[in-house]
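This is what each chain is made of:
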Amino acid sequence: MMVRLMDEITDTERIQPLAKVIGHLIQHDFNWNDIYIATTTPGQQHTGAFAGTDGSGFFFRTEQTQILVGKLSDLKETPKPGDKIGFTAH
């Protein structure tokens, strides 16, 4: 877990989308401090409920109530909030 944390906080391509999502959650008074938030892992399959997009990135909630941030280009089409999604991250 510490390796993943270091990878995320030292990679600007991963930290910027995380910062945007956290800013969005703060703006909407969502208590995010008790939720696991991370970026998707390339090569891994992910499923969950689509939450929103900023045009290039998106975030979704997993069944384990984690919030993950991915690249919109990993999805075949842009879903609506609440739609179930499944994809492999690149």
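Fair warning: this is a prediction, and the values are worked out from it, not measured in the lab.

Each value, and the rule that gives it
- Residues numbered from 1 in each chain as written.
- Predicted model: local features only at pLDDT ≥ 70, side-chain atom pairs only at ≥ 80, totals over all residues.
- Heavy atoms only, no water.
- Phe/Tyr/Trp six-rings, centres within 6.5 Å; stacked < 30°, edge-to-face > 60°.
- Helix = DSSP H or I, 4+ residues; strand = E, 2+ residues; numbered from the N terminus.
- Buried < 20%, exposed > 50% of the residue type's maximum accessible area, 1.4 Å probe, protein only.
- Salt bridge = Lys/Arg side-chain N within 4 Å of Asp/Glu carboxyl O.
- Pairing = 2+ DSSP bridges.
- Axes fitted to C-alpha atoms, helices over the stretch in contact; angles between N-to-C directions.
- Core = buried A, V, L, I, M, F, W, Y, C linked by side-chain atoms within 4.5 Å.
- Expected span 1.5 Å × (residues − 1).
- Arc of directions from axis to C-beta.

Considering all chains together, one arrives at four aromatic pairs under this definition. With a centroid separation of 5.5 Å and an interplanar angle of 80°, the aromatic rings of Phe 60 and Phe 87 are classed as edge-to-face. Taken together, the positions of Phe 60 in strand β3 (residues 57-61) and Phe 87 in strand β5 (residues 84-88) put the pair 27 residues apart, joining distant regions of the chain. You'll find Phe 60 and Phe 87 in the same group, each marked buried. A connected cluster of aromatic rings, assembled from ring pairs, spans Phe 50, Phe 58, Phe 60 and Phe 87.

Throughout the structure, instances matching the rule amount to one salt bridge. One salt bridge in this structure joins Asp 54 and Lys 20, with 3.2 Å as the shortest N-O distance. Residue Asp 54 is located in the loop between β2 (45-53) and β3, and its partner Lys 20 is located in helix α2 (residues 12-27); the two are separated by 34 residues in the primary sequence. According to the relative accessible area criterion, Asp 54 is partly exposed, its value standing at 43%.

On the basis of which strands lie adjacent, the open sheet formed by five strands has the order β1-β4-β3-β2-β5 and mixed pairing. Of all strands in the sheet, those bounded by a partner on one side alone are β1 (37-39) and β5. The average undirected angle you get between the axes of adjacent strands in this sheet is 45°. Where β2 and β5 come together, five bridges link them in antiparallel fashion.

Turning our eyes to something else, we now look at the nonpolar core. Core analysis: the largest hydrophobic core is formed by ten residues, namely Ala 38, Phe 50, Phe 58, Phe 60, Leu 68, Leu 72, Leu 75, Ile 85, Phe 87 and Ala 89. In terms of nonpolar packing, the next biggest core, distinct from the first, is built from seven residues, Leu 18, Val 21, Leu 25 and Val 69 among them.

Before going further, it helps to examine α2. Between its terminal C-alpha atoms α2 stretches 22 Å, which fits the 22 Å expected from 16 residues at 1.5 Å a residue. Buried residues of α2: Arg 14, Leu 18, Val 21 and Leu 25, and no others. With its buried residues spanning 65° around the axis, α2 presents them on a single face. Exposed residues pointing more than 90 degrees away from the buried face of α2 are listed as Thr 12, Glu 13, Gln 16, Lys 20 and Gln 27.

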